[in-house]
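Here is how the chains run, residue by residue.
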Amino acid sequence: MRDHLSVAVGGLFALSIAVLAQTPASPQPPAPRPAAASAGATLYEASCATCHSGPTDPRIPAVAVLRQRAPDAILEALTIGVMRQQGEALSDAERRAVAEYLSGRSIGAASGSTASALPAGRGTAAATAPSAATAMAGRCAVTPPFEPSEGAQWNGWGVDIANTRFQPAAQAGLTAEQASKLVLKWAFGFPNATGARAQPTIVGGRVFVGSQSGDVYALDAKTGCIIWTFRAASGVRTAIVLGPRLRGTGTAAYFGDGRAVTYALDAGTGALLWSTPRLDMHPSAHITGTPTLYQERLYVPIASGEEGQGGNATYECCTFRGSLVALSAATGAVVWKTYTIPNESKPIGRNNSGTVRWGPSGAGVWSSPTVDVKRRVVYAATGNMYTDPQQTTSDAILAFDMESGKVVWAAQATTSDVFLVGCNGNPPTGANCPKDAAGPDFDFGNAPILAKLPNGRDAIVIGQKSGVGWAFDPDKQGAVIWHYKAGRGSALGGMEWGSAVDSERAYFAVADGGNMQTAGLHAVRLEAGERAWYAAPSTPKCGNGRGCTAALSAAITVIPGVVFAGSNDGAVRAHSTKDGAVIWEFDTNREFETVNGVKASGASINQAGPTVAGGMVYVSSGYGSLGGRPGNVLLAFGVQ
C-alpha cells in the first residue's frame, strides 16, 4: 500500500510517503528572493499543481500541507525520494526553486532543531559532552539505567511475533477502571516533521521511536527525557524491535527506513552495530512494515511508492515487486529474499504517450510479518498490482518457509486489483492506467494475526481495505474459515493499519474513507465470525473540513477490558470490550508543552496504534497526508 503513503496498504500508501515531511521548530527564516519565488511558482503550476492544488485524491498531500514542510525535505523527495520520478523532469535549480517556493524558505536555512544536524548513521548519548549536534533541549540530566529484561514491555509492532496487538494484564499494568482516569504525563515534539506515524516501543524503562526526519530516539519512559538519538538515512515509520545481541553483550534495536535500509543499533547507547545496503534497489522501494525478530533472523517487508505514477506519461511503469527478506540478526547479511511476484517485469506495451509499459508489478508488503513457530513459516500480507498481468499473490496472505523463503501457499482475497494512484474513471484516463477499469485498491495494510480460536483451532485473522475481516486456516493452504463484512471498503480502508484479538474476539477498526455511516469499531466472535457489538464513530473533535472525521485508520490495541483506538479526528479513545462504550477519551488537537522544547501539536492519528506497558499509554499524533491533518507529537498517559 503506499502510505498506507504510500499509498500502506495498496494504493493508499504510495503517496502518504509522497514527500518526506519536515516543519520548522523555530521562527521561520526569510522567504526566498522574489525572483526565485516567481520561478518556483511557475514551475509548481506547470509540474505539480494538477495533483497538489485542490487534489481530489485524499492520498495526495494538499499544497497547504506541503507549505508546512522544510525546503530541504521537499528537495530530497524530488531528488532521491518518493517524488524522484517527477523530479527527474526538472533540473537541479528547478527542483530547488520549487522547494523554496512551496516552503517559503531557503534551502539549508536553520530550522532551530539541533536534532537535524546529526550526521547519518551516527548516534549520540546523553552523557556525551555538549556540541552542536548534542546540545539538545530535553536530554536526561542523568542517564537512567537500562535493564531490558526488567519491567513491562511492548516490543515491536504487534507486541508478540503473532502480531495479536493484545497486551496481557501483567504487562499492561492498567485495568479498565484505571483507564478511565488516564491523564497526560508528558509530551515529546518531533523536530522537522508534519507527521508522527512511527509506533513507540517500550523496553527496559525506555521508549524507542523513529521520526519522519530520520531521527530515532531513546527516551525515558516515565519522563520523556532524551537518552540518545540516531540519524538514519531517511524517514523511519517502522516500530523498533529489540532483542539480545548475537555477537557481543547487550541488546540490539532493529528498524527500517524510507530507502529500504535496515539498521541494528546498540539499544543502550544508540551506537550503530550494522546497517544493510538498500534491500531493494528500486528507486521507490521503502520499508513501512516493522521487521519481525525471531531467534537469529530478522524478517523485513519491502513495499514501494511506485504506485503513484499513474499520471506520469514519461515514466516507464512499472517494475517494482514486493518482497520479504530474511537477514542475519547478528550481521545484517541476507539469508534469503523472496519476491511476492516470482517473474521479473518485462515490456507489455506502451502507454497513451508512447512510453514503454512494464509488468507484472506491485504486491508490496506494507505490514509486519508474523512468525508461526509451530508450522515453521512466516506470514506476510500483500498489496495490489500496479500493472498486468494479474498474479495470484497480490491482495493475499503468503506463507513463506522460514528456512528457505519458499512460498508454501498463497490465499488471495481480491482478484483483478490492478491500481495506480490517479487512475479514476471507467475506463481510467491516466497515462499508465490499466486499459480496463482500475482495481478497487483493496490491498492489505494490516499485519496477519496468528490467533487461537476458542475451540483450540488456529486461524490467521486480518482486516482488509475492502472492509472485510477474514479468518484463514493455516493448516488448509489458507482456506477461509469465516469472513465478516464490516464496511463498504475504499482506497483508504475498510481496515487500514491494524486489527487486534483477545481470547474471545477480533476487533476491527474501520475507516471507510471517512464515511461516518459505515466507519466505526467492530467486535467479532473469533469462533464463528459473528458480530458481538459495534461502536459507531464519535462526533469529530476537529469540527469540519479536510481530515476532520472520526474514521479509524490507525491500528488498535487491546488490554483486558479495553480497546484503545486513535482516530483521524485527533482523538484517542478507550472502549469497553464488553459493549464498545467509550470509557475515556483525549483530544490531541492542540499545541503541547514538550519536554524537549520543540513546538508540537497533535492532529490526525494514522498508522501507529497506542502502545501500553507498565501502566502507561503512548500515542503518536499527527499526519498530513492521506486526507489527514499534520501534527508532530508523542504523548504519554498515566493514571492520575
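This one's a predicted model, so the numbers in the text were calculated from it and none came from an experiment.

The next subject is the state of the cysteines. Here, disulfide denotes a covalent bond that connects the sulfur atoms of two cysteines. Here the structure, examined in full by the defined rule, presents three disulfides. There is a disulfide in this structure between Cys140 and Cys225, and the S-S distance comes to 1.9 Å. Taking the torsion about the S-S bond as the criterion, the Cys140 to Cys225 disulfide, at about 90°, is right-handed. Remark: Cys225 occurs in the loop between β5 (215–220) and β6 (226–231) and Cys140 occurs in the loop between β1 (123–125) and α8 (169–172); sequence separation between them is 85 residues. Residue Cys140 shares its accessibility class with Cys225, and that shared class is buried. The side chain of Cys317 participates in a disulfide bridge whose partner is Cys318; the two sulfur atoms lie 1.8 Å from each other. Residues Cys317 and Cys318 are joined by a disulfide whose S-S torsion is about -55°; by sign, that bridge is left-handed.

In this sheet, strand β15 (residues 334–339) lies alongside strand β14 (residues 323–328) in antiparallel orientation, the contact comprising five bridges. Note that in β15 the partner of Val325 across the bridge is Lys337. Two successive antiparallel strands, β14 and β15, enclose a turn made up of five residues, where Gly332 displays a positive phi of approximately 85°.

Right, let's talk about the sheet that holds strand β29 (residues 505–510) for a bit. Reading across the sheet, the four strands line up as β28-β29-β30-β31 and stay open at both edges, with antiparallel pairing between neighbours. The strands lining the two open edges of the sheet, one partner per strand, are β28 (500–501) and β31 (531–535). Relative to strand β30 (residues 520–525), β29 runs antiparallel, the two sharing six bridges. Residue pairing across strands places Phe508 opposite His522, the latter belonging to β30.

Criteria and cut-off values
- Residues numbered from 1 in each chain as written.
- Predicted model: local features only at pLDDT ≥ 70, side-chain atom pairs only at ≥ 80, totals over all residues.
- Heavy atoms only, no water.
- Disulfide = S-S within 2.5 Å.
- Helix = DSSP H or I, 4+ residues; strand = E, 2+ residues; numbered from the N terminus.
- Buried < 20%, exposed > 50% of the residue type's maximum accessible area, 1.4 Å probe, protein only.
- Pairing = 2+ DSSP bridges.

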